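# Examining the three-dimensional arrangement
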Amino acid sequence: MKIYDYILCSGSGNRFLLFDTLRSDLSGLNIAAFAAEELHRFGVDGLLLLTRDGRGRFGMRMFNTDGSEAEMCGNGIRCVARLARERYPEATGERFAVTSGGREYRITCEEPIFGALPTFGAEIPLSLHGDDFPPSLPAEGFVGQPVPELDEGLAFTFLQPGNPHIVALVAPDSAWLFGSDGRLDTRRLAELGERANRMRGVFPRGINVSLFCRLDEGRIFAATYERGVGITSSCGTAMTSCATAAALLGLAGFDTTVEVWNRGGRVRCLPRRTQQGIVTRLTGDASFETAGRLRLDGKECIATGDASPLDPPCDRLRLTEETLRELHEKYGLTIADDHD
Ligand SMILES: N[C@@H](CCC[C@H](N)C(=O)O)C(=O)O
């Protein structure tokens, strides 16, 4: 029997169970099986591990709810970075970075994006070409082009902020997002995402699929079907990809902040062209909801006692509520829990 401490955390409404492997030895645990079998009980979108390698570098591992491991998680990396900073004095300074999927992401502390929520930035390099590209698509990059096997009408952009994404710009009132009645309906996006993830000839490692629309100057809305999960309230690497695609498609400028709204809240993205290629800084909250303990007893997973609250929940919940209220008041767009 083993006891594991966890933190239930979220970034822009994307919720995770987070374990600190520096304090809890998870070596005997089949993490993929645990993720696939137990995560649904916590109502989370994935599992995060804070790790540290032999060179002292902090790292993240991320598992989806189907047990698959992802190379990167934009909302998760802020939560992992916050835990490292709060617990380990070395996790500070200009050079503080978190590795994931073999890449290093520089982390910055940022002014709170909303209320008093702890807020972090992650510098995310995005590739558009090369080995990262699905073999059947042109290797020089794929910006605003159809993938007819997937959909005849949408123009997709492929981006790799660590993990693979395709994103497409649609009109807010298109049936893909809010439709003519202004109510978000993600059923078509879910079908598109499922179809794309069956197309292993085109997307060999599976693919995260997002649709985004322009709300205003410098502001977009994004909805995502995540590989290994399904529709989530938000996806950090997807929002990074949508903001970067907006810049590549001329909808927004490079070196200009794009606010990305979603059903969980909002983040800021700053796409830049650098000598190393495109790097987009994703800035958003890293909220800790509760801390708890799990006892894993053979095949049983039992929560021991009540989980204790961490951050005051008011700002985290208000971030979502105010985003949804403003979406309705400013743009006439509605997200209802029972609708999609
Ligand atoms: N929610 C995440 C992405 C999680 C991984 C994704 N489902 C994948 O398999 O690539 C984010 O915030 O980026």
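Keep in mind it's a predicted model, so treat the numbers as computed, not measured.

## Focus: the domain arrangement of the protein chain
With domains assigned, the protein chain is organised as domain 1 (2-123 + 286-316) and domain 2 (145-282 + 320-331). One C-alpha centre belongs to domain 1, the other to domain 2, and the line joining them spans 24 Å. Listed as interface residues are 27 residues of domain 1 and, on the opposing side, 30 residues of domain 2. If you look at where domain 1 meets domain 2, you find five salt bridges. If you look at where domain 1 meets domain 2, you find 15 residue pairs in polar contact (both at pLDDT 80 or more). Listing elements by their share of the side of domain 1 that touches domain 2, those giving two or more residues are α2 (74-87), β7 (103-110) and β8 (119-126). In the side of domain 1 that touches domain 2, the residues fall into eight nonpolar, eleven polar and eight charged.

## Re the pattern of salt bridges
Side chains that differ in sign of charge can pair as their charged atoms come close. Within this structure, the stated rule accounts for 27 salt bridges. Residue Glu71 pairs with Arg205 through a salt bridge whose shortest N-O separation is 2.3 Å. On the criterion of sequence distance, the pair formed by Glu71 in the loop between β5 (69-70) and α2 and Arg205 in the loop between α3 (187-198) and β12 (208-216) is long-range, its members being 134 residues apart. For Arg205, a relative accessible area of 39% gives the class partly exposed. Between Arg82 and Glu86 there is a salt bridge whose closest N-O contact spans 2.7 Å.

Parameters and conventions
Residues numbered from 1 in each chain as written. Predicted model: local features only at pLDDT ≥ 70, side-chain atom pairs only at ≥ 80, totals over all residues. Heavy atoms only, no water. Domains from an automatic or database assignment. Contact = heavy atoms within 4.5 Å. Salt bridge = Lys/Arg side-chain N within 4 Å of Asp/Glu carboxyl O. Polar contact = N/O pair within 3.5 Å; in protein donor to acceptor, adjacent residues only side chain to side chain. Helix = DSSP H or I, 4+ residues; strand = E, 2+ residues; numbered from the N terminus. Nonpolar A, V, L, I, M, F, W, Y, C, P; charged D, E, K, R; others polar. Buried < 20%, exposed > 50% of the residue type's maximum accessible area, 1.4 Å probe, protein only.

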